[in-house]
There are 2 protein chains.
Amino acid sequence: MRLDSMAKSTVAALAIAALIIPAASHAQDAARVRAAVRAYQQANDVHVLRELTELLAMPNRASDSVNIRRNARHIAQMLERRGATARLLETPGAPPAVYGELRAPGATKTIVFYAHYDGQPVDTSQWASPPWTPTLRDKSLADGGRVIPMPTQPGTVQGEWRIYARSASDDKSPIVAFLAALDALRAANIRPSVNLKFYFEGEEEAGSPHLREALTRYRDLLSADLWIFGDGPVHQSRRQQVSFGVRGVTGVGLTTYGPARALHSGHYGNWAPNPLVELTHLIASARDLDGRILIDGFHDDVRPPTRAELDAVAAAPSADSALRAELLLHSTEADNALLMERIMLPALNVRGIAGGGVAQQASNAIPTQAQASIDFRLVPRQTPARVRELFEAHVRKQGFHIVHREPTPEERLAHERIIRLDWSGGYPASRSDMSSPAARAVLRAVEMGKGERAIVVPTGGGSLPLYIFDEVLRTPHITVPMVNHDNSQHAANENLRLQNLLDGMQVYAALVAHLGRVWTDTP
Amino acid sequence: MRLDSMAKSTVAALAIAALIIPAASHAQDAARVRAAVRAYQQANDVHVLRELTELLAMPNRASDSVNIRRNARHIAQMLERRGATARLLETPGAPPAVYGELRAPGATKTIVFYAHYDGQPVDTSQWASPPWTPTLRDKSLADGGRVIPMPTQPGTVQGEWRIYARSASDDKSPIVAFLAALDALRAANIRPSVNLKFYFEGEEEAGSPHLREALTRYRDLLSADLWIFGDGPVHQSRRQQVSFGVRGVTGVGLTTYGPARALHSGHYGNWAPNPLVELTHLIASARDLDGRILIDGFHDDVRPPTRAELDAVAAAPSADSALRAELLLHSTEADNALLMERIMLPALNVRGIAGGGVAQQASNAIPTQAQASIDFRLVPRQTPARVRELFEAHVRKQGFHIVHREPTPEERLAHERIIRLDWSGGYPASRSDMSSPAARAVLRAVEMGKGERAIVVPTGGGSLPLYIFDEVLRTPHITVPMVNHDNSQHAANENLRLQNLLDGMQVYAALVAHLGRVWTDTP
């Protein structure tokens, strides 16, 4: 369904062209835009908050096909109210992506702003207020926040208030902040410096099963110089961060086999092989207590951190020691190496082990089988296929015969040690070049918006399928988040701290107002 | 409650004295006793079976104080019917032990025959017929055995029939077989060669919590030259075995600690320590894949097998390879070393590991804690206290701070690695001297009863608190079992193969008839 028309789009472009004004210098520009956004917020904070709560009131699970389309149409209308063209990009069997476009005459660069409008499923019983009834509190629930009425007087919104609702942080508020930033610029007659496209996904929390198909189908429409992702939180220190990548991921389930029936550990202990012992030796052989992966060849594919990445880590503030105290950890792996440094490396994590019984369930028996689950986090140049190959070679070297389904009795009898491996696909890491002109321009623009240095994060530790954007669109992407880190993302009582909404408007306004110019100015 | 009187006891002794007849040689003696028992079985098999089923019909959990006393009184009456004195030995809070005594004038040795009359709890839903409704089948359930009526015609009992009931094997049938053996001897005017005492325990399956107190309290009454235990099964080959010991046991629960709340394995993987990884390294450091225990000093306390023990193992038939096939094991630990050889060594068995989630329950998280459960099997000279000391020293050497209850937040913050250890008491091994005159005499008498060589087992792999007999009574003990190995002991559908009942009568009759003489003949 196409909601706009060429005619409308032209009108919008002309309207914005009328707002162009020259600026004396970057610093003056920055101050002027910040002042404009502040002024707009003073007069319209109540209005911005109302636009957010209207959107949050719509149930938004990707699987709820009726409501997810209500969200999509609503967001398309929000785009149109800003003079953008808007349409729903359909992919069979998927919630639509909401696409929008707003040209800036004279601009030479085009960015796509990405967010997703679907949310994680909810367990209503765990919520202090219903997930799709946006509820304002005077501070966080953890700090004893109490419900307060929605404000009606402009200029009264407080930064420490929080709005509680599913997707308040993940990921609806960046949509609202970005569009409100456009309103603030227009109110001050400040003209966008880049052409804008919008791509709001509707199935991110369901694992983006149709993302590749959608991007491929609309590749031409989505052509741009850069994608800006609004997803994810700012730094724990509440300072703005800009992130250039994510780790890849792959997972494997392991099952080892002992005797066909559980055996008395007295009568058969130290005669019959114990599948739990086999697992412990295998896992211990694969990684040490400092997180080093001991699999031959594993690090051959790992590109070392670049100078720029190392500089970024050195310049970033560390919340590590506060985090250790909060987590009751005396120390962390590799002699308290910095978290930000560690997540630039691949990881082998043991998600679980199960076999036999412990505590009251322990019986004097040798169990018939044991299971473990491992997830690998990958860094650039590693692929799930290669990790699988290297891990399986390691497992074989430990004396195991590998099967990928339940072994037959004949197979069990034929091999001293047998293991079943169940791989779950996974995908590679993605990292954009931190020293490209685009990257430096984004950092500059963001800093103009916040009036302070941003924290540069070479990669987040988690995984998102950004590689699909790399592979299909071959366009760099940079994440400029805005929500608070303590937002209970994916869990009950998800919330947004309103100062983050106000700050997010500043950052996105700065991107729109300055990015085009600082980009072309960047050597 | 004393059921007998000195007068009765004297009458019984005189009655048996009248049966004494001399024998030409051991071989002739053996043949004559075997023939006498066979003749008695031909005429009285139905009667023996009826005495067994009457006893099996009485519910016999140690915790069922009313029924357990019914069993005790019934067994005391069975003893009295054989002219033995009988009394119930009371210990406060415990089911009584049934004690009996039958003097053999002229005998210089006294043996105590031990069995227990209590049984394991039952899960009735798992039984093919009710556990305390003795049910005869024409063969084993596993082989498709069908219920048949109890025989009424003497001489018709078939060896492959099985009687299904709780304690059919463990441990009521040895009581019935021993007393029936006395009947068979008396019917043939064959006089016992040893003084007999009986000690039938009523809480063995409940862990014998009052055994030490009972043995201490009745130490003088229980004085003897040798205890014969009727508990446990014969060899898997169905050949008679004589066992000289048991392994000791102790157990420990292990809990390791990670971050105070589960962490996203992407954001924090290879930064936050993973408690499952700590456990795998600890366990792998403590024992290898061949069952060798790698704890410093662990083997210092282990006495090597004696010449006689090694000879016994060499002479014993091995069911190992059939067992491997049945268990779908390509091979067993230490290059297929013999089961009987392996259980002469201490063992470290992992009973269970649990932490995080596996398969469908796996989530991308670093779990907050992980648990394991280990049981140690001990051999002579090892003590649970020393094992605990050595294991804890090993754990400390792996960098753990040890606590024995939930660690406080302060403790978690103060130590790089922290582990909670929960020990369950345990007890030492017990092994009787296989080359003593008593041991050789028992073997000789048993072989006279079966007409073939017995399998000599230096120690069983399992654990029983026989050390209490050692410590309190300082009397050697030898286990002469009779029931089939495939008896579903402790489980549903416990059963006794009737040939084992008939053979058991032969063995016990031979012990009674020959032991005294072969013992004094033994150099």
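Calculation rules
Residues numbered from 1 in each chain as written. Chains lettered and ligands numbered in written order. Predicted model: local features only at pLDDT ≥ 70, side-chain atom pairs only at ≥ 80, totals over all residues. Helix = DSSP H or I, 4+ residues; strand = E, 2+ residues; numbered from the N terminus. Buried ≥ 20, exposed ≤ 12 C-beta atoms within 10 Å, placed from the backbone. Contact = placed C-beta atoms within 7 Å. Nonpolar A, V, L, I, M, F, W, Y, C, P; charged D, E, K, R; others polar. Core = buried A, V, L, I, M, F, W, Y, C linked by C-beta atoms within 7 Å. Least-squares fit on C-alpha atoms with pLDDT ≥ 70 in both. Pairing = 2+ DSSP bridges. Axes fitted to C-alpha atoms, helices over the stretch in contact; angles between N-to-C directions. Expected span 1.5 Å × (residues − 1). Bend = angle between axes of the 7 residues up to and from the residue. Left-handed = near helix turned anticlockwise from the far one by under 90°. Parallel < 35°, antiparallel > 145°, perpendicular 65-115°, else oblique. pLDDT = per-residue confidence, 0-100.

> Sorry, what's going on with the overall build of chain A here?
Looking only at helices and strands, one finds 16 helices and 20 strands in chain A. Each of the three principal axes of chain A carries a C-alpha extent, and together these read 85 × 50 × 50 Å. The burial tally for chain A puts 53% of its 523 residues in the buried class. Residue pairs in contact within chain A that sit at least 24 positions apart in sequence constitute 81% of those at least 6 positions apart.

> Looking at this model, I keep getting lost on the interface of chain A and chain B. Mind explaining?
Interface size, as often reported, equals the accessible area lost upon joining of the parts. With 70 residues of chain A at the contact, the number on the chain B side is 70 residues. Elements that contribute at least two residues to the side of chain A that touches chain B include exactly β10 (248-257), α6 (265-268), α7 (275-286), α11 (339-342), β12 (347-356), β13 (365-366), β14 (369-378) and α13 (409-414) of chain A. The greatest single-element share of the side of chain A that touches chain B, amounting to 9 residues, is contributed by β12(A). In the side of chain A that touches chain B, the residues fall into 31 nonpolar, 28 polar and 11 charged.

> How should I be thinking about the nonpolar core in this particular structure?
Nonpolar side chains tend to gather and get buried jointly when the protein is soluble and globular. Grouped together as the largest cluster of nonpolar side chains are 311 residues, with contacts concentrated most on A:Ala181 and B:Ala181. Once residues lying within four places of it in the same chain are set aside, the contact partners of B:Ala181 are B:Val37, B:Met505, B:Tyr508, B:Ala509 and B:Val512.

> Just checking my understanding: could you explain the relation of the copies chain A and chain B for this structure?
Think of it as a corkscrew move, a rotation about one axis and a shift along it, taking one chain copy to the other. The two copies are related by a screw motion: chain A maps onto chain B through a turn of 180° and a shift of 0.1 Å along the axis, at an RMSD of 0.1 Å. Such a turn and shift between the copies fits a two-fold axis. Mapped onto chain B, 100% of the interface residues of chain A are again interface residues, and the two copies thus contact each other with one and the same surface.

> Quick question: what am I supposed to make of the sheet that holds strand β5 (residues 162-164) of chain B here?
Residue and element names in this part refer to chain B. Read from one edge to the other, the open sheet built from 3 strands follows the order β4-β5-β20, with strand pairing classed as antiparallel. The open sheet is flanked by β4 (135-137) and β20 (495-497), the only strands paired with a single partner. Between one strand axis and the next, the sheet turns through 20° on average, direction left out of account. Where β4 and β5 come together, 3 bridges link them in antiparallel fashion. By the bridge assignment, threonine 135 is partnered in β5 with tyrosine 164.

> How should the pairing of strand β2 (residues 97-102) of chain B be read in this particular structure?
Residues and elements named next belong to chain B. The element β2 is extensively covered by neighbouring structure, given that 6 of its 6 residues are classed as buried. Residues Ala97, Tyr99 and Glu101 line one face of β2 and the alternating positions Val98, Gly100 and Leu102 line the opposite face, and both faces are buried. By the bridge criterion, 5 bridges tie strand β1 (residues 85-89) to β2 in an arrangement that is antiparallel. Bridge pairing in β2 links threonine 85 to glutamate 101.

> Even after reading the chapter, I still don't get helix α16 (residues 498-521) of chain A, so can you show me in this structure?
Each turn of an α-helix holds 3.6 residues, which means side chains three or four residues apart point in the same direction. Residue and element names in this part refer to chain A. A rise of 1.5 Å per residue sets the reference length of α16, with its 24 residues, at 34 Å; its end C-alpha atoms lie 34 Å apart and thus fit the reference within 8%. Along its length, α16 reaches its greatest deviation from straightness, about 55°, at histidine 514. Across the 24 residues that make up α16, a large majority, 20, are buried.

> Would you mind showing me how to read the pairing of strand β2 (residues 97-102) of chain A here?
Every other side chain in a regular strand lies on the same face of the sheet, so the side chains alternate between the two faces. Relative to strand β6 (residues 195-201) of chain A, β2(A) runs antiparallel, the two being bridged by 5 bridges. Of the residues in β6(A), the one forming a bridge with A:Glu101 is A:Lys197.

> It is not clear to me how the packing of helix α2 (residues 26-56) of chain A against helix α4 (residues 172-187) of chain A should be interpreted in this structure. Could you clarify?
The axes of two packed helices give the description: the angle between them and the distance between them. Residues and elements named next belong to chain A. Between α2 and α4, the shortest axis-to-axis distance is 9 Å and the interhelical angle comes to 145°. Like other packed secondary-structure pairs, α2 and α4 cross with a definite hand, here right-handed. On the side of α2, the interface is formed by Ala36, Val37, Tyr40, Val48, Glu51, Leu52, Leu55 and Leu56, while α4 contributes Lys172, Ser173, Val176, Ala180, Ala181, Asp183, Ala184, Leu185 and Ala187. Classifying every residue of the contact of α2 with α4 gives 13 nonpolar, 1 polar and 3 charged.

> I keep staring at the environment of B:Gln398 and nothing clicks. Help me out?
All names here are of chain B. Secondary-structure assignment places glutamine 398 in the loop between α12 (384-397) and β15 (400-403). Through-space distance from the C-alpha of glutamine 398 to that of isoleucine 343 is 28 Å; in sequence the pair is 55 residues apart. Once residues within four sequence positions are removed from consideration, glutamine 398 is found in contact with Leu282 and Ser285.

> What exactly am I supposed to notice about the packing of helix α14 (residues 437-450) of chain B against helix α16 (residues 498-521) of chain B here?
Residues and elements named next belong to chain B. For the pair α14 and α16, the least separation of the axes is 7 Å and the interaxial angle reads 135°. If you check the angle between α14 and α16, you find them oblique. The interaxial crossing formed by α14 with α16 has right-handed handedness. Two secondary-structure elements touch here, α14 through Pro437, Ala438, Ala441, Val442, Arg444, Ala445, Val446, Met448, Gly449 and Lys450 and α16 through Asp503, Gln506, Val507, Ala509, Ala510, Leu511, His514, Leu515, Val518 and Trp519.

> What is the right way to look at α7(A) in this model?
Residue and element names in this part refer to chain A. In a regular helix each residue adds 1.5 Å, so 12 residues correspond to 16 Å; α7 covers 17 Å between its end C-alpha atoms and thus fits that length. Taking burial as the measure, the 12 residues of α7 include 11 buried ones, the bulk of the element. When α7 is considered as a whole, its buried residues turn out to be Pro275, Leu276, Val277, Glu278, Leu279, Thr280, His281, Leu282, Ile283, Ala284 and Ala286.

> Even after reading the chapter, I still don't get the confidence of the model for chain A, so can you show me in this structure?
In low-pLDDT regions, the fine details of the predicted coordinates are not to be read closely. Residues and elements named next belong to chain A. Scored by pLDDT, chain A comes out at a mean of 92, with 95% of its residues at no less than 70. The model gives residues 1-24 a pLDDT under 50, and that stretch makes 37 contacts with residues more than four places away or in other chains. Across the predicted assembly, pTM comes out at 0.84 and ipTM at 0.85.

> Whenever I open this one, the sheet that holds β15(B) confuses me. Can you help?
Backbone hydrogen bonds hold the strands of a sheet together, and the pairing may be parallel or antiparallel. With respect to topology, 10 strands assemble into an open sheet ordered β15(A)-β16(A)-β10(A)-β14(A)-β12(A)-β12(B)-β14(B)-β10(B)-β16(B)-β15(B), the strand pairing being mixed. Of all strands in the sheet, those bounded by a partner on one side alone are β15 (400-403) of chain A together with β15 of chain B. Taking each pair of neighbouring strands and ignoring which way they run, the sheet shows an average axis angle of 30°. Bridging between strand β12 (residues 347-356) of chain B and strand β14 (residues 369-378) of chain B involves 7 bridges; their strand directions are antiparallel. Across the sheet, B:Ala354 pairs through a bridge with B:Gln371, a residue of β14(B). Its contacts with the sheet put α12(B) on β10 (248-257), β14, β15 and β16 (417-427) of chain B, and the angle it makes with β16(B) is roughly 165°.

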